[in-house]
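# Examination of the molecular architecture
Listed below are the residues making up each chain.
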Amino acid sequence: MAAMASVVNILGVIFLSHAVYSAYEHSLLPSASIAPTSSAILPRSLDPNINLPIDITLETLFSAFLLCVGVVLSSPGLKPIQWNVWAGGLERSKEAREVKEVGVGGGNPYAGLEERAGFLDIRGKRKEFSDWIKQDAGSEKS
Amino acid sequence: MSTTLLLQPPTTSTPQTTLALAQQAAPFFAAQSTWLSALPYPLNLLINTESQEKWVTHENLFLACLRTGDTASASRALEALTARFGKTNERVLVLWGLYQEATASNQAELEEVMKSYDEILREDPTVFGIRKRRAALLKSVGKPTEAIGDLIKLLDASPTDAEAWAELADLYVAQGAYEQAVYCLEEVLLVTANAWNMHARLGEVLFLSASKTEAAAGERLKTLSESMRRFCRSVELCEGYLRGYYGLKITTDRLLETLEGVRKPQTASADPVTGELAPPSLEAVKKLNQLATAKLAEIVRRGSAGEKGWDGYSPAELSAARDLLDRDTQKIQR
């Protein structure tokens, strides 16, 4: 998908530069200096007053379309904007919980209400850990 | 990988991860003291070794080493933190308290620690970190009623401290005072209304109180339906919340039994005088039960298979959910 998006983008850029260069070359022709007939549909203030061949206009429009498609295709996936979807992702996948830097990531932001670092029972935790080590050593021996 | 491990808060970790973290202490400290930081005064100003990561890592390593009993590394981290932030910094004070509590070997030394807390609080009663430590120490030495008294005083001064309300709720639950615990958890939810785990916790406490009371069937029905609504809210806030669906399934199972026992037809509307909601209808409970069963089955299936994006559930919770579902199928087969 990413490769196709970059191919589309590159094609769009090539067509766009070709169209721009053609328009420049066309402006150098002696026939380009003849004032065009004013448009029948557009009001005076919007009339660009140039005579550009239709194929250059079409190529410009086509390249802009290609670039739009390419940019949309190459953009990263959408992030959840609904609370329950975002929260579900945190519960469900380890990847979403990963701490990337200080204050970024880390899973359920309300876990602190149940872990409660301020009330950490350090003696209980130490005992739990030494029990775990002993149990581990015991299971290895047996 | 190693840096993210160092930044992980150590309170949530299992003994395995704590051990892995504590083993990183020696290489980390070795990397901290290079010849660059030992340069004489004007030159060392040119080198900036300050970063948030550095001090978060120091704190995490301190807590992990304290848990594993590696007091030498812990005191090294603590000294670095003290040298940087000063001895009167509130957070450093708390860490010193933790260090002393952990290294106290007998009752007399613990009382010394308690006296030092009192000393700090006499000078400045607004050091909330130390007030919390004092309550935690009281709980840890087996004086829960005094810890409750301490917490109530703390909450009088700072009623929006959700962590303290949650701690108080847990103390009340341990004492069997479910009504007070429910009140405390409701206070927590006033501060953090979107905390899905606290909604589930409140549902659990309500369920406990419903299973315990010898009260009339009406009272029990009311508590059970309240509990069911709390679990519903928690899964509404977090889709795929195993704990929420587990609770929802258990409460609806119990409610179905209770509702089938009740003879009189349910009044559909809420009580206008007290503002209490009527118990849910039998069909609604049945539907919720089916939904919870289906969701649990899906979580167990995809979670145990370890599908991509479904690997975050703890194995213990998964196996508990599987047991619950198995019990259900056995009942049907019988």
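Predicted model, so just to flag it, every value in this text is computed and none were measured. As a convention, each chain's residues are numbered from 1 in the sequence order in which they are written. Whichever chain is written first is A, and whichever ligand is written first is 1; the rest continue in order. Predicted model: local features are reported for residues with pLDDT of at least 70 only, side-chain atom pairs are reported and counted for 80 or more only, and whole-chain, interface and lining totals are derived from all residues. By convention in this description, side-chain values take in all heavy atoms of the structure and omit both hydrogens and water.

### Looking at the packing of helix 2 (residues 15-23) of chain B against helix 3 (residues 25-32) of chain B
Residue and element names in this part refer to chain B. Taken N-terminus to C-terminus, the directions of helix 2 and helix 3 make an angle of 30 degrees; their axes are 4 Å apart at the nearest point. The angle between the axes of helix 2 and helix 3 places the two elements in the roughly parallel class. Contacts between helix 2 and helix 3 involve Leu-21, Ala-22 and Gln-23 on the former and, on the latter, Ala-25, Ala-26 and Pro-27. When residues are grouped by polarity, Ala, Val, Leu, Ile, Met, Phe, Trp, Tyr, Cys and Pro land in nonpolar, Asp, Glu, Lys and Arg in charged, and all others, Gly among them, in polar. When grouped by side-chain class, the residues that make up the contact of helix 2 with helix 3 number 5 nonpolar, 1 polar and no charged. What counts as an axis is a line fitted to C-alpha atoms, over the stretch in contact for a helix, and the angles between N-to-C directions run from 0 to 180 degrees. Helix numbers and strand numbers start at the N terminus; a helix is a DSSP run of H or I with at least 4 residues, a strand a run of E with at least 2. Angles below 35 degrees are treated as roughly parallel, those above 145 as roughly antiparallel, those between 65 and 115 as roughly perpendicular, and all remaining angles as oblique. Contacts: residue pairs with any heavy atoms within 4.5 Å of one another.

### Considerations on helix 5 (residues 52-68) of chain B
All names here are of chain B. For a helix, the expected span equals 1.5 Å multiplied by the number of residues minus one. End to end, helix 5 covers 24 Å across 17 residues, agreeing with the expected 24 Å (1.5 Å per residue, within 8%). For helix 5, the tally of buried residues reaches 13 of 17 residues, placing the bulk of the element in the interior. Among the residues trailing helix 5, Gly-69 stands out with phi positive, at a value near 85 degrees. Per-residue accessibility, obtained with a 1.4 Å probe over protein chains only, is compared with the maximum for each type, and a residue is labelled buried under 20%, exposed over 50%, and partly exposed between these values.

### Remarks on the UniProt feature "repeat: TPR" (unreviewed entry) in chain B
Residues annotated by UniProt as "repeat: TPR" (unreviewed entry) correspond here to residues 162-195 of chain B. Counted over residues 162-195 of chain B, helix gives 82% and strand 0%. Its end C-alpha atoms are 11 Å apart. UniProt positions are given in the numbering used here, feature names are shortened, and annotations may be inferred rather than shown by experiment.

### Some points on the interface of chain A and chain B
Many structure descriptions define interface size as the accessible area lost when the parts assemble. Opposite the 38 residues of chain A that make contact, chain B presents 56 residues. Both faces combined, the contact of chain A with chain B buries some 4300 Å², and carbon together with sulfur accounts for 59% of it. Buried area: the sum, over both parts, of the accessible surface (1.4 Å probe) that disappears when the two are put together. When the buried area of chain A at its contact with chain B is split by residue, Arg92(A), Phe119(A) and Arg123(A) rank highest and sum to 19% of it. Salt bridges are counted wherever a side-chain nitrogen of Lys or Arg sits within 4 Å of a carboxyl oxygen of Asp or Glu. At the junction of chain A with chain B, the criterion picks out 4 salt bridges. Between Glu167(B) and Arg116(A) there is a salt bridge, and its shortest N-O distance comes to 2.6 Å. The set of elements that each furnish at least two residues to the side of chain A that touches chain B consists of helix 3 (83-92), helix 4 (94-97), helix 5 (112-115) and helix 6 (122-141) of chain A. Sorting elements by how many residues they give to the side of chain A that touches chain B places helix 3 of chain A first, with 9 residues. Here the side of chain A that touches chain B is built from residues that sort into 17 nonpolar, 6 polar and 15 charged.

### Looking at the UniProt feature "signal peptide" (unreviewed entry) in chain A
In the numbering adopted here, UniProt assigns the feature "signal peptide" (unreviewed entry) to residues 1-22 of chain A. Taken as a whole, residues 1-22 of chain A contains 95% helix and 0% strand, while its terminal C-alpha atoms sit 32 Å from one another.

### Details of unusual backbone geometry
Keep in mind that most residues, glycine aside, have a negative phi and that most peptide bonds are trans. All names here are of chain A. Despite not being glycine, Arg-116 has its phi angle at roughly 55 degrees, a positive value. Residue position: Arg-116 is located in the loop between helix 5 and helix 6. In this structure Arg-116 comes out as buried when scored by relative accessible area, which is 6%.

### Thoughts on the side chain of His58(B)
Looking at where His58(B) falls in the secondary structure, it is placed in helix 5. Non-local contacts of His58(B), meaning those with residues more than four positions away in its chain, are made with Phe28(B), Phe29(B), Gln32(B), Ala77(B), Ala80(B) and Leu81(B).

### A few points about the environment of Tyr246(B)
All names here are of chain B. Turning to its location among the elements, Tyr-246 is positioned in helix 15 (residues 242-261). For Tyr-246, a relative accessible area of 22% corresponds to the partly exposed category. Distance in space between the C-alpha atoms of Tyr-246 and Thr-293 is 8.4 Å, their sequence separation being 47 residues. If we skip the residues at most four places from it in the chain, Tyr-246 touches Leu-296, Ala-320, Ala-321, Leu-324 and Arg-327.

### Description of the pattern of salt bridges
Tallied over the entire structure, the rule returns 24 salt bridges over all chains. Close ionic contact of Arg116(A) with Asp170(B) constitutes a salt bridge, the shortest N to O distance being 2.7 Å. Of this pair, Arg116(A) sits in the loop between helix 5 and helix 6 while Asp170(B) sits in helix 11 (residues 162-175), on two different chains. In this structure Asp170(B) comes out as partly exposed when scored by relative accessible area, which is 26%. A salt bridge links Arg134(B) to Asp150(B); its shortest N-O distance comes to 2.9 Å.

### So, the UniProt feature "domain: EMC2 TPR-like" (unreviewed entry) in chain B
The feature "domain: EMC2 TPR-like" (unreviewed entry), as given by UniProt, occupies residues 107-206 of chain B in the numbering adopted here. Helix makes up 83% of residues 107-206 of chain B and strand makes up 0%, while its end C-alpha atoms are separated by 37 Å.

### Examining the packing of aromatic side chains
Centres within 6.5 Å make a pair out of two Phe, Tyr or Trp rings, where for Trp the six-membered ring is used; the pair is then stacked when the planes are under 30 degrees apart, edge-to-face when over 60, and tilted otherwise. All told, the structure shown has 13 aromatic pairs over all chains when counted by the stated rule. Between Trp83(A) and Trp196(B) the ring centres are 6.2 Å apart and the planes differ by 75 degrees, which places this aromatic pair in the edge-to-face class. You can see Trp83(A) sitting in helix 3 and its partner Trp196(B) sitting in helix 13 (residues 196-212), one on each of two chains. For Trp83(A), a relative accessible area of 31% translates into the label partly exposed. The exposure class assigned to Trp196(B) is buried, which follows from its relative accessible area of 0%.

### What about the domain arrangement of chain A?
Here the domain parsing of chain A yields domain 1 (2-74) and domain 2 (83-141). Distance from the C-alpha centre of domain 1 of chain A to the C-alpha centre of domain 2 of chain A: 58 Å. Residue ranges for the domains trace back to a domain assignment, done automatically or taken from a database.

### Description of the environment of Leu288(B)
All names here are of chain B. Mapped onto the fold, Leu-288 is located in helix 16 (residues 282-305). Sequence separation between Leu-288 and Leu-7 is 281 residues; the distance between their C-alpha atoms is 40 Å. Aside from chain neighbours lying at most four places away, what touches Leu-288 is Met-228, Cys-232, Leu-248 and Thr-252.

### Concerning the nonpolar core
Residues and elements named next belong to chain B. Leu-168, Trp-196 and Met-198 are the most contacted members of the largest nonpolar core, which has 76 residues in total. Take this core: its biggest share by element is 9 residues, from helix 11. Core analysis: the next-biggest nonpolar cluster, separate from the first, contains 24 residues, Phe-28, Leu-61, Cys-65 and Leu-66 among them. Buried Ala, Val, Leu, Ile, Met, Phe, Trp, Tyr and Cys residues form a nonpolar core when they are joined through side-chain atoms within 4.5 Å.

### Structural notes on helix 16 of chain B
Residues and elements named next belong to chain B. The end-to-end C-alpha distance of helix 16 is 35 Å, a good match for the 34 Å that 24 residues give at a rise of 1.5 Å each. Val-285, Leu-288, Asn-289, Ala-292, Thr-293, Leu-296, Ile-299, Val-300 and Gly-303 are the residues of helix 16 that are buried. Directly beyond the C-terminal end of helix 16, a positive phi value near 65 degrees is found at Gly-306.

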